[in-house]
Amino acid sequence: MESFLRFLFFPSFLLLLMLPCCSLFAADQPRPSSLRIHCGSLLDPASDTVSRDVVILIEDGIVKQVGPASQASSGDAEVDVSHGFCLPGLIDVHDHLTSEPKDAGYQSLGVSFPREAVTGAKNARLTLLAGFTTVRNVGAGGYSDVALRDDINAGEIPGPRLFVSGPPLGITGGHCDNDLLAPQFQATSEGVADGPWAARRKVREVIKYGADLIKICASGGVLSKGDAVGTEQYTLEEMRAIVEEAHKLGRKVAAHAHGTQAIKDAIVAGIDSIEHSSLIDEEGIELAKQHHTYLVFDIYNDTYILNEGPKVGMLPESIEKEKATGKLLRANFRKAYLAGAPLAFGTDGGVYPHGDNAKQFATMVEWGAKPIDAATVNAASLLNLDGKAGTVKPRIIRRYHCGRIRPAGECRRVVAREIGR
Ligand SMILES: [Zn+2]
């Protein structure tokens, strides 16, 4: 399986293209400067079409040509999938690589941050082998997700291209706080910040320590103790402050939000994606469409929580909460899909075993959706990877002459002019 080719081969002759992110090969292995892949079929999720007998030419890790096999140039190396099916690497925008289902409830108290990082290394590999070449990790302790991302980027361990949030922000006693221990333990989670200015400070802090995005808890949750799923947690005022601060610093914000009003407040505050979205109503769906806010429905894991949750130590109240919300989440997913709301594919990996991410496709189809664009072009757009992931198209690299450059790499002066491709 390990090869310089940066591709995943499946027994069913399915080839997922994973350029130019993640690596399954050792950093010192030689790579060909150009590679020709002959696909029997190639899926383009953007146009929802399948082309037959196609060749993809890749140079220095970038797709340079996609076209009929009869007209394609040759490469230094060739991969023959002429009897197989090719598609872009898949994207999961809601994952927890550093945790496992058995870490639920009181068992979570015995897991150290270094252990989370090691668990993350194992799960990053599993998730990549499951066909997911880009993952957004939304919430991890001790910046274990930052260490994981940096190790993958350094080529030291195999894994998907990662976007990580560090510790999630939340209110005292909320879904993103540690509510398991008695008062004498004075336990508070790293991301707790109450009030607009404390929340702004926390945004600055997690970015300082390496977060690519901000994750917040806008409502109660299923796997937390003592809060109701539908209740609001962060206020509109707090969320506006978080969004303003994060966007100013070039980061997007993902909000855990099950509750009807919490979802609407999060969208109005300018949050970029709503995680779970369980109790969204028609007004919330319309707001998501108006603001182009991505809804991330993790519609597979209900099956796992109800069947396996009690066996792996999830709290009895969590099972009850899942019974009350799981079906509603699925029905509301269908409503949002039919209404044409922006959807991105996120599964809440870690609640169910890592590597099973693709099971959610089957559940989405069962509930009447055609979900491939949610896990490719839509997810790429949410992650600012348009044209770089979620599709297999020749990539145009533009070069600009800038007066001055911002830290984010953009031209500061509008005198920028394109000087070539
Ligand atoms: Zn989650």
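Below, the structure is looked at part by part. Residue indices follow the written sequence of each chain, beginning from 1 at its first position. Selection of residues for local features in this predicted model requires a pLDDT of at least 70, selection of side-chain atom pairs for listing and counting requires 80 or more, and totals for whole chains, interfaces and linings are taken over all residues.

So, the overall build of the chain
Logical step 1: A tally of helices and strands in the chain yields 10 helices and 15 strands.
Logical step 2: Whether a residue is buried, exposed or partly exposed is read from the other C-beta atoms within 10 Å of its own C-beta, which are placed from the backbone; 20 or more gives buried, 12 or fewer gives exposed, and intermediate counts give partly exposed. Considering the chain as a whole, with its 421 residues, one finds that 49% of them fall into the buried category.
Logical step 3: With C-beta atoms placed from the backbone, a contact is any residue pair whose C-beta atoms sit within 7 Å. Taking contacts inside the chain between residues at least 6 apart in sequence as the whole, the part at least 24 apart equals 67%. Strands here are runs of E lasting at least two residues and helices are runs of H or I lasting at least four, both read from the DSSP assignment and numbered beginning at the N terminus.

Looking at the sheet that holds strand E9 (residues 161-164)
Logical step 1: Pairing between two strands is assigned when DSSP locates at least 2 bridges connecting them. The strand order across the open sheet built from 3 strands is E7-E8-E9, with neighbouring strands paired in parallel fashion. In this open sheet, the two edge strands, each paired with only one partner strand, are strand E7 (90-95) and E9. Shown here is a sheet whose adjacent strand axes are inclined to one another by a mean of 15°, direction ignored.
Logical step 2: In this structure, strand E8 (residues 132-137) lies alongside E9, joined through 4 bridges in parallel fashion. Pairing of Thr134 across the sheet is with Arg161, part of E9.
Logical step 3: Lying over the sheet, helix H2 (residues 144-153) contacts E8 and E9, oriented at roughly 155° with respect to E9. For every element, the axis is a line fit to its C-alpha atoms; helices are fit only across the contacting stretch, and the angle between N-to-C directions ranges from 0 to 180 degrees.

A word on helix H3 (residues 196-208)
Note that an α-helix has 3.6 residues per turn; residues three or four places apart therefore point the same way.
Logical step 1: One fewer than the residue count of a helix, multiplied by 1.5 Å, yields its expected span. For H3, which comprises 13 residues, the first-to-last C-alpha distance of 18 Å matches the rise-based estimate of 18 Å (1.5 Å per residue) to within 8%.
Logical step 2: Those residues of H3 not exposed but buried are Ala199, Lys202, Val203 and Val206. The buried residues of H3 occupy an angular sector of 105° when projected down its axis, which confines them to one face. Residues of H3 that are exposed and angled more than 90 degrees away from the buried face: Trp197, Arg201 and Lys208.
Logical step 3: In the core, the buried residues of H3 are packed alongside strand E10 (213-217) and helix H4 (236-248).
Logical step 4: Looking at the residues trailing H3, positive phi occurs at Gly210, about 115°. Working note: the arc is built from the helix axis to C-beta atom directions.

Structural notes on unusual backbone geometry
Logical step 1: Unusually for a residue other than glycine, Asp60 sits at a positive phi of about 50°.
Logical step 2: Along the chain, Asp60 turns up in the loop between strand E4 (49-59) and strand E5 (62-68).

Things to note about the sheet that holds strand E11 (residues 252-257)
Across a sheet, paired strands are connected by hydrogen bonds in the backbone, their directions being either parallel or antiparallel.
Logical step 1: Taken in spatial order, the 4 strands make up an open sheet running E10-E11-E12-E13, and their pairing is parallel. On the outer flanks of this sheet lie E10 and strand E13 (294-296), each paired with one strand and no other. Going from strand to strand, the sheet's axes swing by 20° on average, the running direction of each strand aside.
Logical step 2: In terms of strand pairing, E10 meets E11 through 5 bridges, oriented parallel. Paired with Lys215 across the two strands is Ala254, which belongs to E11.
Logical step 3: The sheet contacts of H4 involve E10 and E11, and relative to E11 the element is tilted by about 150°.

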